[in-house]
Amino acid sequence: MKIAVVGSGYVGLVAGACFAESGNTVTCVDVDAKKIDGLKNGIIPIYEPGLNEMILRNSSEGRMFFTTDIEEAVKKSRVIFIAVGTPPGEDGSADLKYVLDVARNIGRFMNDYKVIVDKSTVPVGTADKVRASVSEELQKRGVEFEFDVVSNPEFLKEGAAIDDFMKPDRVVIGTDTERSARIMKELYSAFMRKTNRLIVMDVRSAEMTKYAANAMLATRISFMNQIANLCELMEADVAAVREGIGSDSRIGYDFLFPGVGYGGSCFPKDVKALIKTAEESGYDFQLLKAVEDVNDRQKQVLSQKIRKYFGDDLKGKTFAVWGLSFKPRTDDMREAPSVVIINELLACGARVRAHDPEAIEEAKKILGDRIEYSHNQYEILKGAEALVIITEWNEYRNPDFDLISQSLNAPLIFDGRNLYDPRSMREAGFEYFSIGRNGKKFVTDSGAIQDPDHF
């Protein structure tokens, strides 16, 4: 099948590469000529494990092409994916300018039946606006071509996007016609060989599904962060609580890790957009407003712990930060908790040195030269007052604790991701502050006083 993917960002490149990998001919379109030239020369603008190799392979084998010429791409493709950005406006609503610009271009250049697919995360009702924009351009041309508008939301996790696309939990197709449903089923059949995980529904329900999914996951994160904060006040251990509730099959363990709040390109934007969508429909989505508020405050918890320990005046003190990206296995700095934490430390007069396996260049665009950067995670520790862990990269899970202790001014760690066992850290001589874990001792059935981390 011949496919055009308009928008060569994260979603567009992953979708294009995976469709090409399954044998389709894919043309990726973008208005950024520099980006397209880079892609033609094997320069991939984002970091995602496995994506670079997949794009290079399919490009060299003649299944994946890159262009700024949307006219050519539209004319030669049967299915056209719209995968451009929908940045939040000042009021939190999704800005559909780029989506509707693409829709108008499709209307200007289409030459026969097309399936137009909204792959971007868009509010409920966007398909109607896309359909109207295409129809308006066709009327201006004085021509009639049949077309269908389909909603096909993405459910990719940054850092695992290739696996998510190639082996999906589900593929949601929102359509009002049997013809487009049949074409979409054929397109995704390569990813359904073991079991059929394709769910067909009406367009508006598909559009809502994406927002509802991300809002639910964001809610679980904020809920567990609230539980963690309460655990600290009540001298309970959030790790034990997570085991206790996660073992319930109705709840499960996923997205119940406490930390310093969620970030990235999806959860913050989609929560805001769903709140705004509800407001426009006359509904007050109180739960999601609380989720958002909790997350904003959670990003300040780690810096508050540091200030409680050292005081508000951090002049003359240096802190070593491990992790800048909003999550591991990506270089994405959008809405990253690290930005909030580092800015608060700088505002108190501290110096900050930071390490991240992938996100340093992206971090420089936001933090500039206000902090120091290093590609060596241990180099930044020398002479620092404390190690501050913000992102749970695998490189940080089993570090050289002896070297950490020797390098820091004192063996002190503020861990925003609960990577280590508090009992083991105390035994190793560290002062260790995490989220929702205080190592509360309790009495066992035998009457012996034990540390919960012993079990």
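Our subject is the structure listed above.
Treat the numbers as computed from the prediction; the structure is a model and nothing was measured.

### Quick word on the pattern of salt bridges
- Going through the model one piece at a time under the given rule, you end up with 34 salt bridges.
- With a closest N to O distance of 3.9 Å, Glu136 and Lys140 form a salt bridge. On the criterion of helical spacing, the pair formed by Glu136 and Lys140 is a turn pair, its members being four residues apart in helix 6 (residues 126-141).
- On the accessibility criterion, Lys140 (59% relative accessible area) is exposed.
- Glu392 is the salt-bridge partner of Arg417, the closest N and O atoms lying 3.2 Å from each other. Note that Arg417 is positioned in the loop between strand 13 (412-415) and helix 17 (422-427) and Glu392 in the loop between strand 12 (386-389) and helix 16 (401-407), a separation of 25 residues in sequence.
- For Arg417, a relative accessible area of 15% corresponds to the buried category.

### Here we look at the layout of surface pockets
- Counted as a void, the second largest pocket has a volume near 390 Å³.
- What lines the second largest pocket is a set of 15 residues, and nearest its centre among them are Glu232, Lys305, Lys308, Phe433 and Ser434.
- Those elements that provide at least two residues to the lining of the second largest pocket are helix 9 (203-234), helix 13 (301-310) and strand 14 (431-433).
- For the lining of the second largest pocket, a count of residues per class yields six nonpolar, four polar and five charged.

### Focus: the nonpolar core
- Within the largest apolar cluster, 41 residues are counted, with the highest numbers of intra-cluster contacts made by Phe19, Phe81, Phe165, Met184 and Tyr188.
- Considering each element in turn, this core owes the most residues, nine residues, to helix 1 (residues 10-21).
- Listed in part, the 34 residues of the second largest apolar core include Val238, Leu256, Met333 and Ile341.

### A look at unusual backbone geometry
- One non-glycine residue, Phe255, lies in positive phi territory at about 60°.
- Mapping Phe255 onto the fold places it in the loop between helix 10 (238-246) and helix 11 (267-280).
- Residue Asn418 is not a glycine yet carries a positive backbone phi of 55°.
- Looking at the element boundaries, Asn418 is found in the loop between strand 13 and helix 17.
- The buried category is assigned to Asn418, whose relative accessible area is 17%.

How each quantity is defined
- Residues numbered from 1 in each chain as written.
- Predicted model: local features only at pLDDT ≥ 70, side-chain atom pairs only at ≥ 80, totals over all residues.
- Heavy atoms only, no water.
- Salt bridge = Lys/Arg side-chain N within 4 Å of Asp/Glu carboxyl O.
- Helix = DSSP H or I, 4+ residues; strand = E, 2+ residues; numbered from the N terminus.
- Buried < 20%, exposed > 50% of the residue type's maximum accessible area, 1.4 Å probe, protein only.
- 1 Å grid on protein atoms, 1.4 Å probe; cavity = no way out; pocket = protein on both sides within 12 Å on 5 of 7 lines; lining within 4 Å.
- Points joined across faces, edges and corners; volume = space filled by probe spheres on them.
- Nonpolar A, V, L, I, M, F, W, Y, C, P; charged D, E, K, R; others polar.
- Core = buried A, V, L, I, M, F, W, Y, C linked by side-chain atoms within 4.5 Å.

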